[in-house]
Structures are given as structure tokens and as C-alpha cells.
Amino acid sequence: FLQVFDEGRLTDRLGNTADFRHCIIFMTTNLGAVIPRGASIGFTGDEKVFTPQVVAKAIEQTFRKEFINRIDRVVVFQPLSRAVMREVLRKELNEIAQRRGLRSRTWAVEFHDSALEFLLDKGFTADLGARPLKRAIERYLLSPLALTIVNHQFPEGDQFLFVRSNGREIEVEFVDPDTPEEGQGQGAGAGGRGQEQGAGAASEESAATARQFRLEDIILDSQGSPAEVKFLKAAYDRLAQHLEGTDWQLQKAGTLARTAAPEFWQSPERYAILGLAEYMDRIKTGFATAGRLWGRLVGSRPGERKQFSPSLVKSLAHQLYLLEAAVRDVADNRPQDAFLRIEAGRDSAIADHLNDEFAQKLARMYLQWAEKRRMRHKILEEKGGDGKEPAGLMLAVSGYGAYGILEKEAGLHVFEMPAGGKSDKSFRRCKAHVEVIPQPPEPAGNSPDALLKQARREFAKAKDGKHLTIVRRYREEPSPLVRDGVKNWRTGRLDRVLGGDFDLMG
């Protein structure tokens, strides 16, 4: 190499000379880039694990000075970011879609963000990088799908495959975009609206238009009507206008510009900046998913259709609902992810086990909510309920609008039970405290319980502590009733609220 660098030529043992005078030479090395097993993916919070200074020191200790002095520049590559990992994953999934077994079927495949995050968690490690990715795709996606194909457990014809994750595994939903679901187009609609079909397209359109739609209402009870589709198109266009607008583009450009600042990679603020950039990228990716859903929903001649797939209508409404929440997060500079803690009350004149049972109901409610909204969630701690200490649950949640949706849940939740007979209108009240705080942008660490320790630290230093605001009152008897004092709504659908749809009511 010294001969090459000094004289621009290289002679082999047989006397043959190669001319390097018009060449640029790139050399790569893994020196200083070894990351211990168990380290976190991407940007680690431990400065001793990977820094440019560690790489420079390793090079100096390995090579002689006369060799190093002839190198024009040393470029240190940072560990893979989550955004880069996501692009690698999408490339792999696109290649899989071109396999003959899938290409030959009339299927359109759409990957939800929850499925991508699940595969990222399973397919990337700090020490092996992206190498385990193909194995994760084979194990968690292709193997179950192959078994479904072999066993013919799928409908025939043109199908839309919506690939999601519930946090534990990959789920694939088959939806025929052109066939109304059972009960649609002939009898009463699913859910609670129960409007009659067949009374004439004009009267149905008029009645539907008269209602004030919300995305939440369509998620709860999609009918697949043209009026719903028209409302979704307006919501989609508003979101597109915002994401393509000047404010969004300037904020994204400003965020990326900050990464070029000197000493950025040693700055404590880098985690928040990189997190925001990645979040904005994820929102754009999610919006692209919404666009493909829209195209699949309406087809080539939307104006001629009188009925749409309720499942696809619901999926699109759900995607837009979460994207709108995420966009509000960015606009309001709100944290993205959340820690949530539930603890049974012990200050009411009621048996401890009743308070514990109510707290456990709330815990199931939030877990079902996280699964329905396709949030990445992890139970950090479950305790109590044994008569010795109050029942409690600590949960880490991340996803579109996670903190923005959950922050309104912080406070007292009260379950009311009749105190006496039918004529007695007084109630006994169980209580549970719900606390919601943002997850810090810094990585929790590398140990198995690092996230739990981080959550405990954040809850301990939270200034407001337990809110005394009564968020919601629940009642089963004499008739089901839920009253929300924060968002000011009430409903008799106790089952839907405790089933995880509390954020859709109003």
C-alpha cells in the first residue's frame, strides 16, 4: 500500500505493474465497531459502546503511523437508524411479493406499520445488523402464509391482504374489496346503526349525508356507503395537503439540517431530533399505505358503485384516524410514545378486592385498545391483586398518536355499583388511578429490564404525580352507562368502552 500511495503503482511478485495514478481507493474496516450482544438496536445510549473516537483509537492502535498518514480521510459510519432499517425491510418485502407463488395470485398485499415494526424488532440485532432479517420474514410471515395456502384457508378470487401485527405475531386478513359483507346490501347493517338497505340509492345517500360523520364513527360501525367513502376522501385530501404543505416540508428540512451540525452525534439532543425525523418518515409511509387502501377501495370507477367493502372502509378510516393523531403530535411538539400505569385505589370505603377487580378491567381495556390500534406495547410490570398490595399494571406503548391519545386518560377512573335495593339510588364506588407520561427519547439501555427501570425513574420524577381529575365513570347497573368528564361524552356501550374503543366515543 505504501508503494501505491506514494508512487501510484503496484508491482506483484511476478513483476507485473498496475497503474493507480488515476484511481480513488476506498478501504473499509470493522475496527472499533464491535457492539456487545444485548445492545439496543440503532442509536445506543451508552457512549462507550460506539463512538467515532473509539473507531479512531482502534485504527491508531492497529495500523502504523506511516500508513495512517497517507490516508486522506477517515469516514466513520453511524449504526443503522430505524428509518434505514425500515427501507431495507421494505426492499426485502417487495422482492418477496415478486415470487412466483405470490405473483401468480390475484392478491394485493399491504403491510401495516405494526407489521413492519414487529419484523424490525425480530429481524435486526445490534451485533448482526440486518442479517437475521430474511430468517425473521421466513419465520413470522412466509411460513404461516405458506401453511394457509397449502391448507387452502383463504377465499378465492381477487383479494386484498392486509398484513398486521398484534405485538405477538403477524396476522393476515383477507378482504374481497368488491363483495359486501354478510348483512350488507340486503338487511340491517352491522353494529348499532341498523339502517335498511334497498330503500333506493337516493334515499340512502340522502340519509347518510344528513349525518355528521366522524372517522371514529366509521371505525366503530362501517356500512360501506358512498357517503362514508366521500367523507374519507375529504379527510384523505386534507391530510395530503398538510403533508405536502410548506410548514411540514420546512419542519422536516430543519430537523434534518440539525443532524449536520458539528458534534451532533455526541449531543444529548440527538435522540429527540432523530426520533422526530423518523416519526415524520413513518407518517409519510403510513400515508402512502392510506393511499393504496384508497385506490383498492374505490377501484377504477368509484362513481358507479353503490356499495363498498365495509372492511376496507373501516381500515382506511382507522389509518386516517391514527395519522391525524400523529400529525397533531408533530404540529404541537407533543411526545410520541407513552408509559402508562394503573393502580387500584385503597382510599374508598369498599372491599379491596373490588378495587383490584376494577383496576384489572381497566388493564384489559388498555391492552385491547393497544391491539386494536396496532400499537407496539409491552407489559413492564404486573403486581398486586393478591390481597397484600393494590393491583397494578405498567405498560410501554408506542405508535401513531400513542401519547396524544393516552394523555387524556390520566386521572381517577370510578366504577359505580348500587349500594342497596332498587329504590336505593346511592352507589358504592371503586377507584383506580391511571398515570400517563411520555417515554424519553433516549434509549433505555441494554439490560432486559432497562425499559422498566426507565419507566420507574420517569414516574418517580413526574411533577404532577397522580391526577385527581375524575376522567370516567363506569356503571353496569341498573343499566350500562359510561360518562367521560374530560372529553364530555356519555354512552350506554360499556362493552365497547371496556373493549378498547374508549378513544372513539364522543
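No experiment lies behind these values; they were computed from the predicted model shown.

1. Points about the overall build of the chain
Scanning the chain from N- to C-terminus turns up 17 helices and 13 strands. Split into buried and exposed, the 506 residues of the chain put 44% on the buried side. In the form shown here, the chain has an accessible surface area of approximately 27,100 Å², with 51% of it arising from carbon and sulfur atoms.

2. Regarding unusual backbone geometry
Cis geometry marks the peptide bond from Glu477 to Pro478; its omega dihedral reads 5°. Checked against the element boundaries, Pro478 lands in the loop between strand S11 (470–475) and strand S12 (481–484). Unusually for a residue other than glycine, Asn488 sits at a positive phi of about 60°. If you trace the backbone, Asn488 turns up in the loop between S12 and strand S13 (489–491). Here Asn488 falls in the exposed class, since its relative accessible area comes to 69%.

3. Observations concerning the nonpolar core
By size, the foremost hydrophobic cluster in this structure holds 78 residues, and its most contacted members are Ile283 and Tyr474. Here the element with the most residues in this core is helix H13 (residues 310–331); it accounts for twelve residues. Counting 19 residues, the second-largest nonpolar core is a separate cluster that includes Leu89, Leu116, Leu141 and Ile170.

4. Topic: the packing of helix H12 (residues 270–298) against H13
At a closest axis distance of 10 Å, the pairing of H12 and H13 adopts a crossing angle of 155°. When the axes of H12 and H13 are compared, the pair comes out roughly antiparallel. Crossing geometry of H12 relative to H13 is assigned as left-handed. Each of Leu276, Tyr279, Met280, Ile283, Gly286, Phe287, Thr289, Ala290, Leu293, Trp294, Arg296 and Leu297 in H12 lies in contact with H13, whose residues at this interface are Leu312, Val313, Ser315, Leu316, Gln319, Leu320, Leu323, Ala326, Val327, Asp329 and Val330. Taken together, the residues of the contact of H12 with H13 break down into 17 nonpolar, four polar and two charged.

5. Focus: the side chain of Gln319
Checked against the element boundaries, Gln319 lands in helix H13. A relative accessible area of 2% places Gln319 in the buried class. At 3.0 Å, the side chain of Gln319 and the backbone oxygen of Gly286 are in polar contact. Ignoring anything within four residues of it in the chain, the contact list for Gln319 reads His112, Gly286, Thr289, Ala290, Leu293 and Tyr400.

6. As for the sheet that holds strand S7 (residues 376–383)
The strand order across the open sheet built from eight strands is S7-S8-S6-S10-S9-S11-S12-S13, with neighbouring strands paired in mixed fashion. Two strands in the sheet have a free side with no partner beyond their single neighbour: S7 and S13. Going across the sheet, the axis of each strand differs from the next one's by a mean of 15°, ignoring polarity. Sheet topology note: the S7/strand S8 (residues 392–398) ladder contains seven bridges and is antiparallel. Of the residues in S8, the one forming a bridge with His377 is Val397. Across the face of the sheet, helix H16 (residues 450–461) comes into contact with strand S6 (338–344), S7, S8 and strand S10 (427–438) while running at roughly 75° to S6.

7. Comments concerning the packing of aromatic side chains
Counted under the stated rule, the structure contains ten aromatic pairs. Taking the centre distance of 5.1 Å and the plane angle of 45° together, the rings of Phe63 and Phe67 count as tilted. A relative accessible area of 33% means that Phe63 is categorised as partly exposed. Measuring from centroid to centroid gives 5.6 Å for Phe358 and Tyr474, while their planes differ by 65°, and the two rings are edge-to-face. Linking Phe358 in helix H14 (residues 352–372) with Tyr474 in strand S11, this pair joins segments that are 116 residues apart in sequence. Since its relative accessible area comes to 4%, Phe358 is described here as buried. For Tyr474, a relative accessible area of 0% translates into the label buried. Every member of this aromatic cluster is reached through a ring pair, and the members are Phe5, Phe63 and Phe67. Across the ring face of Tyr400, the terminal group of Arg282 is positioned such that the distance to the ring centre comes to 5.4 Å.

8. Section: the packing of helix H6 (residues 113–123) against helix H7 (residues 133–150)
In the contact formed by H6 and H7, the axes pass within 8 Å of each other and the chain directions differ by 125°. The angle between the axes of H6 and H7 places the two elements in the oblique class. The element H6 and its partner H7 pack so that their crossing is right-handed. Residues Phe118, Leu119, Lys122 and Gly123 of H6 touch H7, and the partners they reach there are Leu133, Ala136, Ile137 and Tyr140.

9. Overview of the pattern of salt bridges
Per the stated rule, a full pass over the model turns up 30 salt bridges. Its salt-bridge partner being Arg9, residue Glu7 comes within 2.6 Å of it at the nearest N-O pair. Among the residues examined, Glu7 registers a relative accessible area of 46% and is labelled partly exposed. Judged by its relative accessible area of 36%, Arg9 falls in the partly exposed class.

10. Quick word on a nonpolar patch on the surface
The grouping of Phe1, Ile25 and Met27 at the surface amounts to a nonpolar patch, some 290 Å² of accessible area in total. In this structure, Phe1 sits in the segment before helix H1 (2–7). A residue is classified by how much of its surface remains accessible, and Phe1, at 57% relative accessible area, is exposed.

11. Considering H12
Under the 1.5 Å per step criterion, the end-to-end length of H12 is 42 Å for 29 residues, consistent within 8% with the ideal 42 Å. Where H12 terminates, the next one or two residues include Gly299, which has phi positive at roughly 70°.

12. Considering the pairing of S10
The sheet contact formed by S6 and S10 spans seven bridges and is antiparallel. Paired with Phe339 across the two strands is Ile437, which belongs to S10. Judged from the eight bridges that link them, strand S9 (residues 411–418) and S10 form a sheet pairing that is antiparallel. Bridging from a neighbouring strand, Leu412 pairs with His433 of S10.

Each value, and the rule that gives it
Residues numbered from 1 in each chain as written. Predicted model: local features only at pLDDT ≥ 70, side-chain atom pairs only at ≥ 80, totals over all residues. Heavy atoms only, no water. Helix = DSSP H or I, 4+ residues; strand = E, 2+ residues; numbered from the N terminus. Buried < 20%, exposed > 50% of the residue type's maximum accessible area, 1.4 Å probe, protein only. Areas by Shrake-Rupley, 256 points an atom, 1.4 Å probe, with all protein chains shown as cover. Core = buried A, V, L, I, M, F, W, Y, C linked by side-chain atoms within 4.5 Å. Axes fitted to C-alpha atoms, helices over the stretch in contact; angles between N-to-C directions. Parallel < 35°, antiparallel > 145°, perpendicular 65-115°, else oblique. Left-handed = near helix turned anticlockwise from the far one by under 90°. Contact = heavy atoms within 4.5 Å. Nonpolar A, V, L, I, M, F, W, Y, C, P; charged D, E, K, R; others polar. Polar contact = N/O pair within 3.5 Å; in protein donor to acceptor, adjacent residues only side chain to side chain. Pairing = 2+ DSSP bridges. Phe/Tyr/Trp six-rings, centres within 6.5 Å; stacked < 30°, edge-to-face > 60°. Lys NZ or Arg CZ within 6 Å of the ring centre and 35° of its normal. Salt bridge = Lys/Arg side-chain N within 4 Å of Asp/Glu carboxyl O. Patch = residues over 30% accessible without salt bridge, like charges linked within 9 Å, V, L, I, M, F, W, Y side chains within 5 Å. Expected span 1.5 Å × (residues − 1).

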